[in-house]
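An overview of the molecular structure
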Amino acid sequence: VDPSATLRDDSLATKVARGYPARVVPKWAGVVLTTADTQRDGYYYVTRAWGANERSRQIDRGRVPDLAALERATIGRPPYAVDGWPDERMPVARVYIDAGGGSSGEGGDRSLTDMVYMWCKSRPGRAQPLRGWGGSTAPTAPVQIKKIEHKPHGEARSPYDVSLMWVDTHYFKDVLSGLMQPAEKGADERWELCSGLAGASEFSLHMTSERKNIDRRTGAIAWMTLSGRPNHMRDAEVYQLAAARWL
């Protein structure tokens with residue numbers, strides 16, 4: 001599949017039309033993961049059930065205003081039912097959250113990055129901060145975890161260590177672009193969507209917000225956001241691929 005192709009809304013509609021139930025884990029799945037994109041107006045999250053050969057199904061998604069609400073919607077929520085197994089339940093194993101910068105009203109002068117780091121550190125094994133690779137050199141792997149020292153901005157607090165996941169977003173955006181296209185005739189879907197979740201039109205808007213093009217400033221071929229289009233849910237889906245690859 002040409003990763004520069006713009007996904008059409010009806011491609012997503014075809015996947016939704018398969019009628020998989022929302023908030024139900026398919027019986028072939030072995031783990032449930034949540035990823036979240038951090039913005040000043042809240043946290044956009046996607047929850048997927050993952051099985052063998054990187055097959056996955058989105059079972060939940062949404063936007064919440066703060067980290068407390070994100071926890072209630074993910075690692076703090078009751079486990080999901082498992083399709084075909086009435087006595088089985090599967091919880092969200094871990095939430096991976098973008099540690100993007102900026103300031104937030106809910107934390108006063110604390111940066112969003114600091115808030116995310118501290119939230120994750122207080123939930124070891126259940127929450128993992130991540131960032132897109134922004135170095136001047138190419139990353140050595142699509143996803144990697146490294147320990148960094150974080151100095152809280154503008155505060156008289158001591159630096160602290162953070163175990164941070166670095167994600168090659170350009171690589172995983174290429175992967176996601178191929179997975180979002182309808183499967184070829186006779187092939188199994190590997191990237192599935194459920195039906196029955198609110199905000200379907202908003203999700204489609206986010207997922208069709210980028211295309212690969214030539215950056216006029218640098219001349220490089222890169223993923224670029226279409227003017228005026230939000231892409232936060234798409235970023236959360238990119239993080240899903242990185243999180244699953246790391247497992």
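Preceding this section is the structure that the text describes.
A few points on the structure. In this text the structure is predicted, and so the values were computed from the model without any measurement.

**Regarding empty space enclosed by the protein**
- This structure, assessed with the given rule, holds two cavities of 30 Å³ or more.
- Of the voids in this model, the largest cavity is the one considered here, and its volume is about 60 Å³.
- For the largest cavity, the full set of lining residues is Trp 50, Glu 54, Phe 172, Val 175, Leu 179, Arg 190, Leu 241, Ala 244 and Arg 245.
- Counting only elements with at least two residues in the lining of the largest cavity, the list comes to helix H4 (169-180) and helix H6 (232-246).
- Looking at the lining of the largest cavity, its residues break down into six nonpolar, no polar and three charged.

**A look at the side chain of Gln 128**
- Its location among the elements puts Gln 128 in strand S8 (residues 127-132).
- Accessibility expressed as a relative area gives 7% for Gln 128, which makes it buried.
- Separated by 2.8 Å, the side chain of Gln 128 and the backbone oxygen of Ser 163 make a polar contact.
- The residues contacting Gln 128, other than those within four sequence positions of it, are Arg 94, Val 95, Tyr 96, Ile 97, Cys 120, Ile 145, Ser 163, Leu 164 and Met 165.

**Quick word on the pairing of strand S7 (residues 94-98)**
- Across the five residues that make up S7, a large majority, four, are buried.
- Sheet topology places strand S2 (residues 31-39) next to S7; four bridges connect them, and they run parallel. Along S7, the bridge assignment pairs Thr 35 with Tyr 96.

**A word on the layout of surface pockets**
- Of the volumes computed, that of the largest pocket is approximately 250 Å³.
- In terms of lining residues, the largest pocket is bounded by 13 residues, among which Asp 37, Lys 173, Asn 231, Asp 235 and Tyr 239 are the most central.
- Contributing elements (two or more residues each) for the lining of the largest pocket: S2, H4 and H6.
- No other element matches the three residues that S2 contributes to the lining of the largest pocket.
- Across the lining of the largest pocket, the residue classes break down as one nonpolar, seven polar and five charged.

**Some words on helix H5 (residues 200-207)**
- Taken residue by residue, H5 has Phe 203, Ser 204, His 206 and Met 207 as its buried positions. Along H5, the residues classed as buried sweep out an arc of 160 degrees about the axis, all on the same side.

**Side note on the environment of Thr 38**
- Tracing the backbone through its elements, the reader meets Thr 38 in strand S2.
- The sequence separation of Thr 38 and Ser 177 amounts to 139 residues, and the corresponding C-alpha distance is 22 Å.
- When near neighbours in sequence (up to four residues on either side) are disregarded, Thr 38 contacts Tyr 43, Ile 97, Asp 98, Leu 112 and Val 116.
- Here Asp 98 takes part through its backbone oxygen, which lies 2.5 Å from a polar atom of the side chain of Thr 38.

Rules used throughout
- Residues numbered from 1 in each chain as written.
- Predicted model: local features only at pLDDT ≥ 70, side-chain atom pairs only at ≥ 80, totals over all residues.
- Heavy atoms only, no water.
- 1 Å grid on protein atoms, 1.4 Å probe; cavity = no way out; pocket = protein on both sides within 12 Å on 5 of 7 lines; lining within 4 Å.
- Points joined across faces, edges and corners; volume = space filled by probe spheres on them.
- Helix = DSSP H or I, 4+ residues; strand = E, 2+ residues; numbered from the N terminus.
- Nonpolar A, V, L, I, M, F, W, Y, C, P; charged D, E, K, R; others polar.
- Buried < 20%, exposed > 50% of the residue type's maximum accessible area, 1.4 Å probe, protein only.
- Polar contact = N/O pair within 3.5 Å; in protein donor to acceptor, adjacent residues only side chain to side chain.
- Contact = heavy atoms within 4.5 Å.
- Pairing = 2+ DSSP bridges.
- Arc of directions from axis to C-beta.

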